[in-house]
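Report on the structure
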Amino acid sequence: DISLDTSSDRPRITGITGRMVYELAASACEASATRYRLFTRVSTPRKGFTSDQRTTSFESADGKNLSFVNRSYLNGQLEQDVKGHAERESGAIQVEISIPQEEAIELDDALFMSEHYAGIIEAAKAGETIHQALLFDGSGDGDEVLETTAIIGKERDNLVEVTGEAEGLGKA
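Note that the coordinates shown come from a computational prediction; the quantities given were computed from them, not determined experimentally.

**Points about the overall build of the protein chain**
A count of helices and strands for the protein chain gives one helix and 10 strands. Secondary structure elements of the protein chain, listed N to C terminal, follow the sequence β-β-β-β-β-β-β-β-α-β-β. Looking at the protein chain residue by residue over its 172 residues, the buried ones come to 29%. Of the roughly 11,900 Å² of accessible surface on the protein chain, a fraction of 48% belongs to carbon and sulfur atoms.

Structure follows, in structure tokens:
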């Protein structure tokens, strides 16, 4: 759950509440799937709004192919819809966007999510506290490589497992 702690003396935003849900299902033999959703309700002195961002991706087990769908909603109305497929080959990423319009893009080589997660885990095992990498995850318009930095904290024993879909996510 997400909420606004404090705001300035003359706030344009008087409150924010929301929820972020991230689900990763992976297997060494099969494709991995990632679902991400960020829903926020923003209050302002005049009128509030809701923002709902949803991303789903499927990555091949060999780390060479990634299919993705990104949808963004503002006040329940679809604002952005992107669908595409990316393939790592010959030191580059070939991206084929099919929605909103067909487009072919060539990007510099980068990691897909599974290899990125594996790099973070290996860095943590080696005692590193910062891990940086170039990443392509198909987010946004699906047309750029991102520079990422992961901050690795100390191992904790008191973690709890969270399962299932967040109840009431996005409901008024």
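**A closer look at the sheet that holds strand β4 (residues 49-59)**
Read across the open sheet, the eight strands follow the order β1-β2-β3-β4-β5-β6-β7-β8; overall the sheet is antiparallel. The open sheet is flanked by β1 (2-3) and β8 (103-108), the only strands paired with a single partner. Bridging between strand β3 (residues 32-43) and β4 involves 11 bridges; their strand directions are antiparallel. Note that in β4 the partner of Tyr 36 across the bridge is Thr 55.

**Overview of the nonpolar core**
Leu 66, Phe 68, Val 82, Ala 86, Ile 93, Val 95, Ile 97, Ile 105, Leu 107, Ala 110, Phe 112 and Phe 136 form the largest nonpolar core, which has 12 residues in total. Mapped onto this core, the elements with two or more residues apiece are β5 (65-74), β6 (77-89), β7 (92-99) and β8. Among the elements that take part in this core, β7 stands out by supplying three residues, more than any other. Beyond its immediate chain neighbours, meaning those up to four positions away, Ala 110 contacts Arg 88, Ile 93, Leu 134, Leu 135, Phe 136 and Val 145.

**Quick look at the pattern of salt bridges**
It is possible for side chains bearing opposite charge to pair when their charged atoms get close. Inspection of every chain in the model, using the stated rule, returns seven salt bridges. A salt bridge links Asp 52 to Arg 54; the nearest nitrogen and oxygen atoms lie 2.8 Å apart. Given a relative accessible area of 35%, Arg 54 falls into the partly exposed group. Across the salt bridge formed by Asp 81 and Arg 71, the nearest N and O atoms sit 3.0 Å from each other. Taken together, the residues span a long stretch of sequence, with Asp 81 in strand β6 and Arg 71 in strand β5 at a distance of 10 residues. Overlapping salt bridges, with partners in common, bring together Arg 37, Asp 52 and Arg 54 in one network.

**Details of the side chain of Glu 59**
By the element assignment, Glu 59 lies in strand β4. Buried within the structure, Glu 59 lacks any salt-bridge partner; Arg 88 is the closest side chain of opposite charge, at an N-O distance of 6.2 Å. Side-chain polar atoms of Glu 59 contact the backbone nitrogen of Ser 114, separated by 3.0 Å. Beyond its immediate chain neighbours, meaning those up to four positions away, Glu 59 contacts Ala 31, Ser 32, Asn 65, Leu 66, Phe 112, Met 113, Ser 114 and Glu 115.

**Considering the environment of Ser 57**
With respect to the helices, strands and loops of the structure, Ser 57 is situated in strand β4. A C-alpha to C-alpha distance of 9.0 Å links Ser 57 and Tyr 36, two positions 21 residues apart in sequence. In this structure, Ser 57 is in contact with Ser 32, Ala 33, Thr 34, Leu 66, Ser 67 and Phe 68, ignoring residues within four places of it in sequence.

**Topic: the layout of surface pockets**
The space that makes up the second largest pocket amounts to roughly 300 Å³. What lines the second largest pocket is a set of 19 residues, among which Tyr 36, Thr 55, Asn 70, Asp 137 and Ser 139 lie closest to the centre. Counting only elements with at least two residues in the lining of the second largest pocket, the list comes to β3, β4, β5 and α1 (113-125). Element by element, the count of residues in the lining of the second largest pocket is highest for β4, at four residues.

Calculation notes
Residues numbered from 1 in each chain as written. Predicted model: local features only at pLDDT ≥ 70, side-chain atom pairs only at ≥ 80, totals over all residues. Heavy atoms only, no water. Helix = DSSP H or I, 4+ residues; strand = E, 2+ residues; numbered from the N terminus. Buried < 20%, exposed > 50% of the residue type's maximum accessible area, 1.4 Å probe, protein only. Areas by Shrake-Rupley, 256 points an atom, 1.4 Å probe, with all protein chains shown as cover. Pairing = 2+ DSSP bridges. Core = buried A, V, L, I, M, F, W, Y, C linked by side-chain atoms within 4.5 Å. Contact = heavy atoms within 4.5 Å. Salt bridge = Lys/Arg side-chain N within 4 Å of Asp/Glu carboxyl O. Lys, Arg positive; Asp, Glu negative; His and termini not counted. Polar contact = N/O pair within 3.5 Å; in protein donor to acceptor, adjacent residues only side chain to side chain. 1 Å grid on protein atoms, 1.4 Å probe; cavity = no way out; pocket = protein on both sides within 12 Å on 5 of 7 lines; lining within 4 Å. Points joined across faces, edges and corners; volume = space filled by probe spheres on them.

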